[in-house]
Amino acid sequence: MFGLLKGLGVTLKNMTKPKVTYNYPAEPIPVPDRFRGIQHFDAEKCIVCNQCALVCPTDCITLTGKRNPDPEKKGKVIEIYDINFEICILCDLCTEVCPTEAIVMTNNFELATYSRDDLFKNMQWLHDNNQNIRQENMSSKPPGAAGGAK
Amino acid sequence: MDLFFYLGPIILMLLLLGFVTYAILFERKVIGWIQNRPGPNQVGPWGLFQTIADVAKLLLKEDIVPGKADRALFKLAPIIAFVPAFAILAVIPFTESWQFGDFAVGLLYYIAISSITIIGILTGAWASNNKYSLLGGMRSAAQMISYEIPLVLSVVGIVMTTGSLDLNDIVLAQKKVWFIVPQFLAFLIFLIASLAELNRTPFDLPEAESELVAGYHVEYTGFRFAFFMLAEYVYVFAMASLTTCLFLGGWLPLFGLTMIPGILWFLLKFSLVVFSLFWIRATMPRLRVDQLMQFAWKVLLPLSLLNIFLTAIFKEIPVLSSFY
């Protein structure tokens, strides 16, 4: 009998407690650094080593390079760099393998669109995705030892 | 007076629609707060237009009558369910002067008319030609008929004390002390039985979303469904008003604070009752169907009979008889 009253007391007290819900679409949820979000790509740093495309388990990265337009310099520069987010699993392998931190993870994760075509992101889009870039990118090394991406 | 005779019910109907709209919002808010979340807050400021949006959606929906349903009864059922809910409001004295029909057997009228709704629910349940709705309707009929007996018997103590079935007399008899004090047992029985009559948690077996989908109104959509919901919430209004009149002294002020008008006192007590309905809903789990029936017949009915005997005995004891 008194259990009923006790239960009513519990619910009444609960009314004054702070709310535990997030106002999510209106206020972004903070995510921890080392979160695996949508990649940011910096064409300046890329040396077209092709390692990210090779390591990608879902083959979602397409890249081609061309000769460096400056005849003085050796090596290649990147020409096309696409990630297909229909199949990308955000596994972080491409950013781990990248020797120059040209591709790094960000803390952004909102990919929902009305068309599957929108999920095919090109180099320009990936370059413009420069908000909330992850600070700690060398998970194999202790923080501070390697520079990491700026 | 003549104008009021025609306009009064229309005004009451509009007030009632306003009440139902915001009672639903308030219920969702209260349940939200109890569950540590803010409740509806997206449509309009503080979620104020949430129910309006919901009702607009209901009214825009396609009106479906199932192919195998009994068309005439299917269409009649929401009307049978709703009309008594509105008709019983005629006898509720909101203040000394605000009452639509003041007659000597007001309480009896309320109880008699309100049981017609069961027929509407059962009609709708049967006419839908759906096993879930029929089960829900059967449960509903069994429950409402069973709980009506303790509900009525719990009020008998008050009727014995005042010697009248007129709700005005009952309210005026509470000038010295509200009936919740001398008739506390009756109040508890009345509260429990009225929860069951309203088909609200913990007695919401007729609806029981988790077992019967939605009970008697599974097959109803759009406007007709809205009518069933409206009937349900109008009963919340009516039952809260009746509780206020019977046990909480109606429009009578507390501590002799007569400068606050009677209607405000009524509204205050009324809101308290409505809040406790929502509060109980957010706290209690649903009863099992066999416990439900046993509780009505083996616990509430003997207790309400005991209450009648106690009232009769206390009436004869010199010290206590002033309260009874």
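An unreviewed UniProt entry annotates chain B as NADH-quinone oxidoreductase subunit H originating from Baia soyae. One UniProt comment on chain B, placed under Sequence similarities (unreviewed entry), says "Belongs to the complex I subunit 1 family." Under the UniProt heading Subunit (unreviewed entry), the note attached to chain B is "NDH-1 is composed of 14 different subunits. Subunits NuoA, H, J, K, L, M, N constitute the membrane sector of the complex."

Per an unreviewed UniProt entry, chain A carries the name NADH-quinone oxidoreductase subunit I and comes from Baia soyae. Under the UniProt heading Subunit (unreviewed entry), the entry covering chain A gives this text: "NDH-1 is composed of 14 different subunits. Subunits NuoA, H, J, K, L, M, N constitute the membrane sector of the complex." Under the UniProt heading Sequence similarities (unreviewed entry), the entry covering chain A gives this text: "Belongs to the complex I 23 kDa subunit family."

Draft legend 1. Structural detail: the overall build of chain A. Helix and strand content of chain A: 4 helices and 5 strands. Secondary structure elements of chain A occur, N-terminal to C-terminal, as α-β-α-β-β-α-β-β-α. Computed over C-alpha atoms, the radius of gyration of chain A comes to 22 Å, more than 25% over the 15 Å expected from 2.2 N^0.38 for 150 residues, which places it beyond the range of a compact globule. Principal-axis analysis of the C-alpha atoms gives chain A an extent of 90 × 40 × 25 Å. Pairs at least 24 apart in sequence give 73% of the contacts found in chain A among residues at least 6 apart. With an accessible surface of roughly 10,000 Å², chain A has 56% of that area assigned to carbon and sulfur atoms. For chain A, the distance from the average position of its 17 positive side-chain charges to the average position of its 18 negative side-chain charges is 9 Å.

Draft legend 2. Up close: the confidence of the model for chain A. For chain A, the average pLDDT comes to 84, and 91% of its residues sit at 70 or higher. Segment residues 146-150 of chain A is flagged for pLDDT under 50; beyond a separation of four residues in sequence, or across chains, it makes 9 contacts in the model.

Draft legend 3. Expanded view of the pairing of strand β3 (residues 76-84) of chain A. Residues and elements named next belong to chain A. Pairing between strand β2 (residues 61-67) and β3: 7 bridges, direction antiparallel. Its bridge partner being in β3, Lys66 is matched across the sheet by Val77. When β3 meets strand β5 (residues 120-121), the two strands line up antiparallel, connected through 2 bridges. Across the sheet, Ile83 pairs through a bridge with Lys121, a residue of β5.

Cut-offs used in this document
Residues numbered from 1 in each chain as written. Chains lettered and ligands numbered in written order. Predicted model: local features only at pLDDT ≥ 70, side-chain atom pairs only at ≥ 80, totals over all residues. Heavy atoms only, no water. UniProt positions renumbered as here; feature names shortened; annotations may be inferred. Helix = DSSP H or I, 4+ residues; strand = E, 2+ residues; numbered from the N terminus. Rg over C-alpha atoms; globule rule 2.2 N^0.38 Å. Contact = heavy atoms within 4.5 Å. Areas by Shrake-Rupley, 256 points an atom, 1.4 Å probe, with all protein chains shown as cover. Lys, Arg positive; Asp, Glu negative; His and termini not counted. Charge placed at Lys NZ, Arg CZ, Asp CG, Glu CD. pLDDT = per-residue confidence, 0-100. Pairing = 2+ DSSP bridges.

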